[in-house]
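Per-entry structural report
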Amino acid sequence: MTERKLMTESDAVSRFVDDGDSVYVGYTAAAYGLCREVVRQRKTGLELIGGSVGPQGTMLIMGGCADRVRSGYVAAALRPGAVQEMMNSGKLKYEDYSNQAIALMLMAGALGIPFIPTRSFLGTDYLDRRNVEHPGAYLGEKKWKVMESPFDGQQFVALPALRPDVCLLHAQRADEFGNVQSWGHQGDAKWAYWAGKKVIVSVEEIVPHEQVLEDPGRTIVPGFRVAAVVHMPRGAHPSGAIGYYDFDYAFQGVSGMHRMSLSDEAWRTFADEWIYGLADHAAYMEHYRERFGDQNLARTDVDSGPSPQPGVRYGYASELPFRMEDQP
Amino acid sequence: MTERKLMTESDAVSRFVDDGDSVYVGYTAAAYGLCREVVRQRKTGLELIGGSVGPQGTMLIMGGCADRVRSGYVAAALRPGAVQEMMNSGKLKYEDYSNQAIALMLMAGALGIPFIPTRSFLGTDYLDRRNVEHPGAYLGEKKWKVMESPFDGQQFVALPALRPDVCLLHAQRADEFGNVQSWGHQGDAKWAYWAGKKVIVSVEEIVPHEQVLEDPGRTIVPGFRVAAVVHMPRGAHPSGAIGYYDFDYAFQGVSGMHRMSLSDEAWRTFADEWIYGLADHAAYMEHYRERFGDQNLARTDVDSGPSPQPGVRYGYASELPFRMEDQP
Amino acid sequence: MTEYTLAEMMCVVAAREMPAEGVVMLGMGLPVLAGTLAKMMHAPNLSICTEVGAFDWEPAADVPRASIGIHDFLLNAGAAMVSDMVDALGTLLMGGNVDLGILSAAQVDRFGNLNTLVIGDYLAPERRLGGTGGNTEIACLAKRVLTIMPQERRRFVPRVDFNTSPGYISGPGARRSAGLDRQGPNAVVSTFGVFGFETPDGGESGSCEMVLEAVFPNIEPDVVQIETGWALRVAPTVRQLAPPTEEELALLRRLDPYQFYLSPGRY
Amino acid sequence: MTEYTLAEMMCVVAAREMPAEGVVMLGMGLPVLAGTLAKMMHAPNLSICTEVGAFDWEPAADVPRASIGIHDFLLNAGAAMVSDMVDALGTLLMGGNVDLGILSAAQVDRFGNLNTLVIGDYLAPERRLGGTGGNTEIACLAKRVLTIMPQERRRFVPRVDFNTSPGYISGPGARRSAGLDRQGPNAVVSTFGVFGFETPDGGESGSCEMVLEAVFPNIEPDVVQIETGWALRVAPTVRQLAPPTEEELALLRRLDPYQFYLSPGRY
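Attention here is on the structure that accompanies the text. (Residues numbered from 1 in each chain as written. Chains lettered and ligands numbered in written order. Predicted model: local features only at pLDDT ≥ 70, side-chain atom pairs only at ≥ 80, totals over all residues. Heavy atoms only, no water.)

**Side note on the sheet that holds strand S6 (residues 107-109) of chain C**
All names here are of chain C.
- With mixed pairing, the three strands of this open sheet are ordered in space as S7-S6-S11. Looking at the sheet topology across the chains shown, the edges are occupied by strand S7 (114-115) and strand S11 (156-157).
- Note: S6 against S11, two bridges, orientation parallel. Paired with Asp109 across the bridge in S11 is Val157. (Pairing = 2+ DSSP bridges. Helix = DSSP H or I, 4+ residues; strand = E, 2+ residues; numbered from the N terminus.)

**Examining the sheet that holds strand S7 (residues 155-160) of chain B**
Residues and elements named next belong to chain B.
- In spatial order, the strands read S5-S7-S6; together these three strands make up an open sheet with antiparallel pairing. Both outer strands of the open sheet, strand S5 (115-118) and strand S6 (145-148), are each paired with one neighbouring strand and no more. Sheet twist, expressed as the average angle between the axes of neighbouring strands with direction ignored, equals 40°.
- Two elements, S6 and S7, share four bridges in a ladder whose sense is antiparallel. (Axes fitted to C-alpha atoms, helices over the stretch in contact; angles between N-to-C directions.)

**Quick notes on the side chain of Gln84 of chain B**
- Checked against the element boundaries, Gln84 of chain B lands in helix H4 (residues 82-89).
- Here Gln84 of chain B is in contact with Ala77, Leu78 and Arg79 of chain B together with Arg127 and Arg128 of chain C, once residues within four sequence places are set aside. (Contact = heavy atoms within 4.5 Å.)

**Topic: the nonpolar core**
- Counting 412 residues, the largest nonpolar core has Tyr193 of chain A together with Tyr193 of chain B as the members making the most contacts within it.
- Excluding residues within four positions of it along the chain, Tyr193 of chain A makes contact with Leu169, His170, Ala171, Val180, Val199, Val201, Ile220, Val221 and Arg225 of chain A.
- Residues Phe115 and Ala158 of chain A together with Met147 and Phe156 of chain B belong to the second largest nonpolar core, which totals ten residues. (Core = buried A, V, L, I, M, F, W, Y, C linked by side-chain atoms within 4.5 Å. Buried < 20%, exposed > 50% of the residue type's maximum accessible area, 1.4 Å probe, protein only.)

**A few points about the interface of chain A and chain B**
- Each side of the interface is counted separately: chain A has 79 residues, and chain B has 77 residues.
- Contact with chain B buries area across many residues of chain A, yet Phe151, Arg313 and Met324 of chain A alone supply 13% of it, more than any other trio.
- Taken together, the connections running from chain A to chain B amount to two salt bridges.
- Among the salt bridges present, the one from Asp215 of chain B reaches Arg218 of chain A, with a minimum N-O distance of 2.9 Å. (Buried area = accessible area lost by both parts, 1.4 Å probe. Salt bridge = Lys/Arg side-chain N within 4 Å of Asp/Glu carboxyl O.)

**Observations regarding the environment of Arg163 of chain B**
- With respect to the helices and strands, Arg163 of chain B occurs in the loop between S7 and strand S8 (166-174).
- A relative accessible area of 30% places Arg163 of chain B in the partly exposed class.
- Distance from Arg163 of chain B to Leu48 of chain B, taken between C-alpha atoms, is 12 Å for residues 115 residues apart in sequence.
- In this structure, Arg163 of chain B is in contact with Ser22, Gly109, Trp194, Ala195, Lys197 and Arg225 of chain B together with Gly95 of chain D, ignoring residues within four places of it in sequence.
- Within the structure, the side chain of Arg163 of chain B is placed 3.4 Å from the backbone oxygen of Ala195 of chain B, a separation counted as a polar contact.
- Side-chain polar atoms of Arg163 of chain B contact the backbone oxygen of Gly95 of chain D, separated by 3.2 Å. (Polar contact = N/O pair within 3.5 Å; in protein donor to acceptor, adjacent residues only side chain to side chain.)

**A word on the packing of aromatic side chains**
- Applying the stated criterion across every chain yields a total of 53 aromatic pairs over all chains.
- A ring pair is formed by Phe115 of chain A and Phe156 of chain B, whose centres lie 5.2 Å apart and whose planes are at 80°; its orientation type is edge-to-face. Here Phe156 of chain B lies in strand S7 and Phe115 of chain A lies in strand S5 (residues 115-118), a pairing that spans two chains. Residues Phe115 of chain A and Phe156 of chain B agree in their burial class; the two are buried.
- In this structure an aromatic cluster arises from ring pairing among Phe247 and Tyr249 of chain A, Phe322 of chain B together with Phe73, Tyr258, Phe260 and Tyr261 of chain D.
- Between the NZ or CZ atom of Lys143 of chain B and the centre of the ring of Trp144 of chain B, over which it lies, the distance is 4.6 Å. (Phe/Tyr/Trp six-rings, centres within 6.5 Å; stacked < 30°, edge-to-face > 60°. Lys NZ or Arg CZ within 6 Å of the ring centre and 35° of its normal.)

**Considerations on unusual backbone geometry**
- Look at the link from His237 of chain B to Pro238 of chain B: it is a cis peptide, with omega at 10°.
- Looking at where Pro238 of chain B falls in the secondary structure, it is placed in the loop between strand S12 (228-231) and helix H9 (249-254).
- Residue Pro185 of chain D is bonded to the preceding Gly184 of chain D through a cis peptide linkage, with omega at 0°.
- For Pro185 of chain D, the position within the fold is in the loop between helix H5 (174-178) and strand S12 (187-189).
- Residues other than glycine seldom take positive phi values, yet Gln259 of chain C does so here, at roughly 50°.
- With respect to the element layout, Gln259 of chain C can be found in the segment after helix H7 (246-254).

**Topic: helix H3 (residues 85-94) of chain C**
All names here are of chain C.
- The element H3 is largely enclosed, with a buried count of ten among its ten residues.
- Along H3, the residues classified as buried are Met85, Val86, Asp87, Ala88, Leu89, Gly90, Thr91, Leu92, Leu93 and Met94.
- By the N-cap criterion, in which a side-chain oxygen at the helix start approaches the backbone nitrogen of a residue two or three places on, H3 is capped by Asp84, the distance to Val86 being 3.4 Å.
- Note on H3: the residue one or two positions beyond its end, Gly96, has a positive phi of about 90°.

**Some points on the interface of chain D and chain A**
- Chain D puts 50 residues into the contact, and the matching count from chain A is 53 residues.
- Summed over both sides, the interface of chain D with chain A buries roughly 4100 Å², with 57% coming from carbon and sulfur.
- On the chain D side of the contact with chain A, Phe73, Tyr122 and Arg128 of chain D bury the most area, a combined 18% of that side's loss.
- Between chain D and chain A we count five salt bridges in total.

Here you go:
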């Protein structure tokens, strides 16, 4: 396909993220920059989806963008504060699953099958009817169903397929056509690339199409599945991108980010400086440099880890022998 | 793991292939050398498994090793002859699935779930009860089951999980611990590496463990899942190995291999010269060179196709910033 | 002008029938040759995929051949992504990403159902065939299907001996009641002409029967009827198809250097 | 000899309890630190895997830290394979390849069930927690489970407020009737000692209750009872555990350079 998918984060989010959408927010290389843009554009009524929803999801909750979360882990609920209160008061609806469940549900959505069996959750309190109907629930009987295998009577939990309206992902590189290449442990991202109805990917590097063709096995999703690709160096900050930069834990402390879920005031203090007050990701990185200097940014640069040596080839023979003309 | 899995094809097959086993026989990089060894060791009562079972499976049928086949395609049944007669007479039992079905059934086996839904087969004659009970059948009601999704009433076909007793695979390289690396289109092989109870892999190259660690994303199965790895250069001959050598169609003609399914005589003529009469794969390649010369073998060498350039790194920061000591 | 066979014309016309863009999955046999021809002629934006795991394959201008089968290693050179069969026939196809499936078979019937498995009764076969491979799921799950087969009365039958690959099954509404999505517009390209199907909505209404829409040069509709096993519907106006251009023929032959697909007298 | 905290002792003892080989999946928190310590001390053949997608991770002798969480990029350096969560929690774990799961939680009960989700009633929580992550499936599907958590009466409860992660559930036969496989021998390592479970066959028979089997230096069984919310079963002979060696302590502290796991007074 020769349709160009490269655009700014502003265009990508305004064109492809609609109020009320269900949104996968990434995991190992979380799309922090794209999430900040969603907050900046003040989208509303979003449902957050992810095996474990980290601080990038907290921003969408505290920013008033998200009112539902379907996940196995909500980082913002770890400490008492505004998010816990929202979950108790019903202002934030939630459906508790697990990392495996969300990953399998995304796979089922990608595969186009109605559900996928799991043997997780058997024997737990999650399956009690009274817990399925908890105050924060919004799926009810559509959450899951305990069944028996028609072949061997094995009990299992049927997990419904999950096709997020939008998936926000950050990867290492892509070409302008949206062919995305990613490496390293993927968490639940791999299947999100295929489960999303609209896939938006921010990348560290835009590379020539020819470079993608040199190693098609490194491609995690082809361009025709991608709605938008955004060139966003350090776009995963303050998380990291394997091979480029590592997590900036210090920033989360000094910026007030690690306190943003405690109260609306704490959120405003952080968000006014680091999201609303900045036009885009470029301005965000510029502000970082002004506040903390290049040397603090440089402390997260990667300095260790392996690189593949040459040796792999996707080789074929240009002329195939169909007859033996020249036997000795 | 430091358990060494490297052994000869003779040891691998005698130790891990038992009479009566269900055996996945590979696809894009078919384990021809391992299949020839199974024929040589005159295993019996095997069930062949594969999305499409090619000539490597034909050898196991004509060699009297296999009496059942579970597949979407049986190459040997394409032309009238001994294999078609065996299928009509009931000497060779068979269950017809499809490429997608076998691939999904292997995935379900690998995932440890009892079955996997598909929307394929709906509207076909495969699902008629009378066809499920065809003369060659051996699975009956265990073959599949038409059901409805508990969430949306969507009809689907439940395919039972498939865990072959043995999977025979050929890949590009592995280390002595059985960490296998493979690249290029995989067909249904990817999930077979994880579905098999006993996994035997022949490879073009044995590489140092350090080389595996340089590119862990290229690993298709870790050593602890592998029972045996066999160093077998050109072990996929007369099929090919991506990046090493291509298909040797000429050989299949002149050796009589393409006629082996027509009659027992045609089979004996081929097998006596190319399997029973040779001690192992090394002898097979030596005989090839004597009969046809190196120049014919060289015609299948790869001379085209891309190689990845440097640029990928699995990088991390050896020291993470947890505090900002040095703000400007 | 250059001589050409009806099989060559069939491939050229099938290529012409392919859309300018979209995701296409190529089945075994002539679909590979026709799909490659289309991609290199008028449809450079077509995303060619195979069930073995090649995604969006772009043949080089000097590509030495069309893929031999669908497992040819050259499909890894020029592909934007390579993966496996679960990703191709599951994620890509069942996931709803395939706009057009290109298929071939031993038999086709008036409703466009295909048979790749057996001639005669499955329980007492007259002749067993290789099997369906990925043909079944492509017919079930692609948004559109284009079928390429030689026109012979024994192949164009009222009802396939065994429906391995559903078209409109038994007529209007049959796909829905079977649990399948709507599909179409579908087409068949034979060695005589091009056929559509009489349904405005992918199998919900209309007769859903095959309709002759275009014929090759010097092929009369009544000749097509002779090689069709049922009373064939014919469009009010039947298009006359232009013969292959020199360019089409030259490229087609260059893509089949071993006559793997179009050996003399094969069709 | 060097001073050490009970939390450090807990990690050292948990490491010692790990087998010399086999496939281990490390849950969030202290399991990462203890598992890495075991791998670098007595169990070099342990195959360390994470739910994020690292398989058979081998820390270099000079590895700068234990993984920060289970998503630390350094898990890609030394892994024999890296993949994704479906492969790790599905193919690897549910596929039956995980010999031992190492977990931590907010609560554990007499049957070894864990709670990672909520304190109090799920329908009217006293306190909401982060959630289970992959804890639930590891408890359901690993062949054995080793749990690491500080010994406190509010954490060692008769019945977990919410069973997110089944041990022996309600006693003998409960795992089978829930559709789960047998599991064990399971163990719990706390800041006071080591506990096993009274069942000879992975939960089919026996009381399936937690049993105190070993204690840290200067910890008396009755002290353990004080910090346990039910009448604790005690083995006929309770092993006395040796304090951490200088080597164990030095390595443990080197693996936690930022005191991410063992900050002073955290436990």
